[in-house]
Amino acid sequence: MQPSPNSTLLAPPEHIPHKPGRSLDKGSPLRVALIGVSGFAQVHFTMISNAMESSRLKLLAATVINQEEEAEKCSLIGSMGGKLYQDYRQMLQELDGQIDLCFIPTGIHLHTPMTIAALRAGANVFVEKPAAATIQEVNAMQETERRSNQFVAVGYQTMYASETLWMKEAIINGKIGKIKSIKCRGLWPRFDSYYTRNNWAGRLRVGQDWMLDSPFNNAIGHQLNMICFLAGKELSKSAEIANIQAELYRARSIESADTACMRISTNDDISLYFYATHSSSGILNPEITVIGESGEVHWTFQKATLRTANDEVHEINCEQPASLRQQIIPRLAERINNSNAFICGLDIAKAQTLCVNGAHESSSIHEIPAQYIEKINTDGEIKTIVKELDATIQTAFRKEKLFSELGVPWAQSGKLIDLSDYKHFPTFREI
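These numbers come from a predicted model, not from an experiment.

1. Structural notes on the overall build of the protein chain
Here is step 1 of the chain: A tally of regular secondary structure across the protein chain gives 10 helices and 20 strands.
Here is step 2 of the chain: Its C-alpha radius of gyration of 22 Å places the protein chain within 12% of the 22 Å reference for a compact globule of 431 residues.
Here is step 3 of the chain: Dimensions of the protein chain, computed from the C-alpha atoms along their principal axes, are close to 60 × 50 × 45 Å.
Here is step 4 of the chain: Residue burial in the protein chain is summarised as follows: out of 431 residues, 58% are buried.
Here is step 5 of the chain: The long-range share in the protein chain, meaning contacts at least 24 apart out of those at least 6 apart in sequence, stands at 72%.
Here is step 6 of the chain: Accessible surface, the protein chain as shown: approximately 17,800 Å² in total, 47% of it carbon and sulfur.

Right, dumping it as structure tokens:
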């Protein structure tokens, strides 16, 4: 494998000048910068714009490489007092030491170089999920974070929901007994145009940089992160991952997988099962079930339910995405003033990246034979579905099995991969 053009950023310097971060006085606006406004970055742009209306922050600058295409947003940024840049490195260099928080809602392969550059410029970072494509990149980000006086928060918004810590507290306090397994399933069909929306969708690499885009490293990556977190034995930590066996499949002409199943084991002998696809017929929003020896926890987008050993049932309504996004900036501002304030940091998000790397080590991406695939034209959009996949995932979820263990004709078993001391992707083979 040729070295990545960003590989020099994976080795933090021996010394990063200490740049004391300022504490935010009550009522003092958060000074922020933004890298990107297009695509999913629109969510961050809106979040920042809404916060500015209540004077909670001040937008110092934004990097927009396609300013002609985003003329309206650029005009709005100017009206907010923000300076426009076409190169994030120039922005960070000119504003060195002035930024409290840098938002990085960019492609996965750009998270590491941009995060490290922002940390070196004295900024705290809110980077979109996942933290990075590879474990060595997360390690480099963590090392730079340790050497700086800043933090990195990762954009898994469900981690900032009150129900997530409510469930975690119930689990670690033994409300459902010793945990036997945690499982997640999500059926989110996508039109084929989903994979043409940018230059990295469905890609394993962009140039020489790893991307590893997939349902479990993007749209449903939130829930893979959540099950790793819920399995952690401490309130603010994810589980330590011991090993993984995965099966990766594609029904389309893409590089990466659009369908996957995994069995993950933790150092505490908890089995995590994960099933995700963009090639189902129907829609089933992600759901999580935690099974204990004397009870269980069930989570959906709408409700979290706890059933205890004596059959007591407790329920809370889940916070919705729009509400969660409104909470993120205040949470990050609180963390600037209080290092104990909870965020989804790199130490939590790292477990998801480790599972993604392990999944690709475990399994090649197998093409599902054409006889099991159906193409449906819906108002000019092509929807690719795998026949009987919905039922297969339902059965696998219920029985806690991988597809190959159910005798699915196109399924192929993956290798069991030890992740207990895993430090570099890829370890065993080129993808």
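2. Side note on the UniProt feature "domain: Gfo/Idh/MocA-like oxidoreductase N-terminal" (unreviewed entry) in the protein chain
Here is step 1 of the chain: UniProt feature "domain: Gfo/Idh/MocA-like oxidoreductase N-terminal" (unreviewed entry): in the numbering of this structure it lies at residues 30-156.
Here is step 2 of the chain: Spanning residues 30-156, this segment combines 41% helix with 21% strand, and its end C-alpha atoms are found 21 Å apart.

3. What to know about the pairing of strand β14 (residues 296-299)
Here is step 1 of the chain: Burial along β14 is one-sided: the face carrying Val297 and Trp299 is buried and the face carrying Glu296 and His298 is not.
Here is step 2 of the chain: By the bridge criterion, four bridges tie strand β13 (residues 284-292) to β14 in an arrangement that is antiparallel. Of the residues in β14, the one forming a bridge with valine 290 is valine 297.
Here is step 3 of the chain: The antiparallel pairing of β13 with β14 creates a hairpin that spans three residues between the two strands.
Here is step 4 of the chain: With four bridges joining them, β14 and strand β15 (residues 303-307) adopt antiparallel strand pairing. Bridged to valine 297 within β15 is leucine 306.

4. Quick word on the pattern of salt bridges
Here is step 1 of the chain: The tally for this structure, following the rule as stated, stands at 20 salt bridges.
Here is step 2 of the chain: For the salt bridge of arginine 252 with aspartate 258, the shortest nitrogen-to-oxygen distance reads 3.2 Å. Accessibility classification places arginine 252 together with aspartate 258 in one group, the buried group.
Here is step 3 of the chain: Here the salt bridges share partners, and the residues they tie into one network are Asp192, Arg252, Asp258 and Lys375.

5. Considerations on the side chain of threonine 158
Here is step 1 of the chain: Among the secondary structure elements, threonine 158 is positioned in the loop between β6 (152-154) and α6 (162-172).
Here is step 2 of the chain: Accessibility expressed as a relative area gives 11% for threonine 158, which makes it buried.

6. Re the UniProt feature "domain: Gfo/Idh/MocA-like oxidoreductase C-terminal" (unreviewed entry) in the protein chain
Here is step 1 of the chain: As annotated by UniProt and renumbered to match this structure, "domain: Gfo/Idh/MocA-like oxidoreductase C-terminal" (unreviewed entry) occupies residues 168-307.
Here is step 2 of the chain: Counted over residues 168-307, helix gives 11% and strand 40%. Its end C-alpha atoms are 14 Å apart.

7. Some remarks on the packing of helix α7 (residues 221-230) against helix α9 (residues 346-362)
Here is step 1 of the chain: At their nearest, the axes of α7 and α9 sit 9 Å apart, and the two run at 115 degrees to each other. Accordingly, the angle class assigned to the pair α7 and α9 is roughly perpendicular. For the pair α7 and α9, the crossing hand works out as right-handed. Of α9, the residues touching α7 (which contributes Gly221, Leu224, Asn225, Cys228 and Phe229) are Ile348, Ala349, Ala351, Gln352, Cys355 and Val356.
Here is step 2 of the chain: Considering only residue class, the contact of α7 with α9 consists of eight nonpolar, three polar and no charged.

8. Regarding the side chain of lysine 129
Here is step 1 of the chain: Position of lysine 129 among the secondary structure elements: in the loop between β5 (124-127) and α5 (135-147).
Here is step 2 of the chain: One buried charged residue, lysine 129, forms no salt bridge at all, with the nearest opposite charge on glutamate 128 at 4.9 Å.
Here is step 3 of the chain: There is a polar contact of 2.8 Å between the side chain of lysine 129 and the side chain of asparagine 218.
Here is step 4 of the chain: For lysine 129, the residues in contact, after removing those within four places along its chain, are His111, Val154, Gly155, Tyr156, Asn218, Ala219 and His222.

9. Concerning the sheet that holds β6
Here is step 1 of the chain: What the six strands build is an open sheet, ordered β3-β2-β1-β4-β5-β6; its pairing is parallel. With partners counted over all chains shown, the strands left at the sheet margins are β3 (83-85) and β6, one partner each. Neighbour to neighbour, the strand axes of the sheet diverge by 20 degrees on average, direction disregarded.
Here is step 2 of the chain: Here three bridges tie strand β2 (residues 57-63) to β3, and the two strands are oriented parallel to one another. Paired with alanine 62 across the two strands is leucine 84, which belongs to β3.

10. Quick word on the nonpolar core
Here is step 1 of the chain: Judged by nonpolar contacts, the single largest core of 123 residues is most densely connected at Ile182 and Phe216.
Here is step 2 of the chain: For this core, the element with the highest residue contribution is α9, accounting for eight residues.
Here is step 3 of the chain: Excluding anything up to four places from it in sequence, isoleucine 182 contacts Ile227, Leu230, Ala231, Ile270, Ser271, Leu272, Tyr273, Ile288, Thr289 and Val290.
Here is step 4 of the chain: Of all hydrophobic cores here, the second largest spans 18 residues; its members include Ala251, Tyr273, Trp410 and Ala411.

11. Description of the packing of aromatic side chains
Here is step 1 of the chain: Under the counting rule described, the total for this entry stands at 11 aromatic pairs.
Here is step 2 of the chain: Both rings, one in phenylalanine 229 and one in phenylalanine 342, keep their centres 6.1 Å apart while their planes meet at 50 degrees; by these two values the pair is tilted. Here the residue phenylalanine 229 occupies a position in helix α7, and phenylalanine 342 occupies one in the loop between α8 (321-337) and α9, the gap between them amounting to 113 residues.
Here is step 3 of the chain: Aromatic side chains phenylalanine 403 and tryptophan 410 sit 5.9 Å apart centroid to centroid with 80 degrees between the ring planes, which places their arrangement in the edge-to-face category. No difference in accessibility class separates phenylalanine 403 from tryptophan 410, as the two residues are buried.
Here is step 4 of the chain: By way of ring pairs, the aromatic residues Tyr249, Tyr275, Phe397, Phe403 and Trp410 are connected into one cluster.
Here is step 5 of the chain: In this structure, arginine 197 is placed above the aromatic ring of tryptophan 200, and the distance from its NZ or CZ to the ring centre is 5.3 Å.

Rules of the game
- Residues numbered from 1 in each chain as written.
- Predicted model: local features only at pLDDT ≥ 70, side-chain atom pairs only at ≥ 80, totals over all residues.
- Heavy atoms only, no water.
- Helix = DSSP H or I, 4+ residues; strand = E, 2+ residues; numbered from the N terminus.
- Rg over C-alpha atoms; globule rule 2.2 N^0.38 Å.
- Buried < 20%, exposed > 50% of the residue type's maximum accessible area, 1.4 Å probe, protein only.
- Contact = heavy atoms within 4.5 Å.
- Areas by Shrake-Rupley, 256 points an atom, 1.4 Å probe, with all protein chains shown as cover.
- UniProt positions renumbered as here; feature names shortened; annotations may be inferred.
- Pairing = 2+ DSSP bridges.
- Salt bridge = Lys/Arg side-chain N within 4 Å of Asp/Glu carboxyl O.
- Axes fitted to C-alpha atoms, helices over the stretch in contact; angles between N-to-C directions.
- Parallel < 35°, antiparallel > 145°, perpendicular 65-115°, else oblique.
- Left-handed = near helix turned anticlockwise from the far one by under 90°.
- Nonpolar A, V, L, I, M, F, W, Y, C, P; charged D, E, K, R; others polar.
- Lys, Arg positive; Asp, Glu negative; His and termini not counted.
- Polar contact = N/O pair within 3.5 Å; in protein donor to acceptor, adjacent residues only side chain to side chain.
- Core = buried A, V, L, I, M, F, W, Y, C linked by side-chain atoms within 4.5 Å.
- Phe/Tyr/Trp six-rings, centres within 6.5 Å; stacked < 30°, edge-to-face > 60°.
- Lys NZ or Arg CZ within 6 Å of the ring centre and 35° of its normal.

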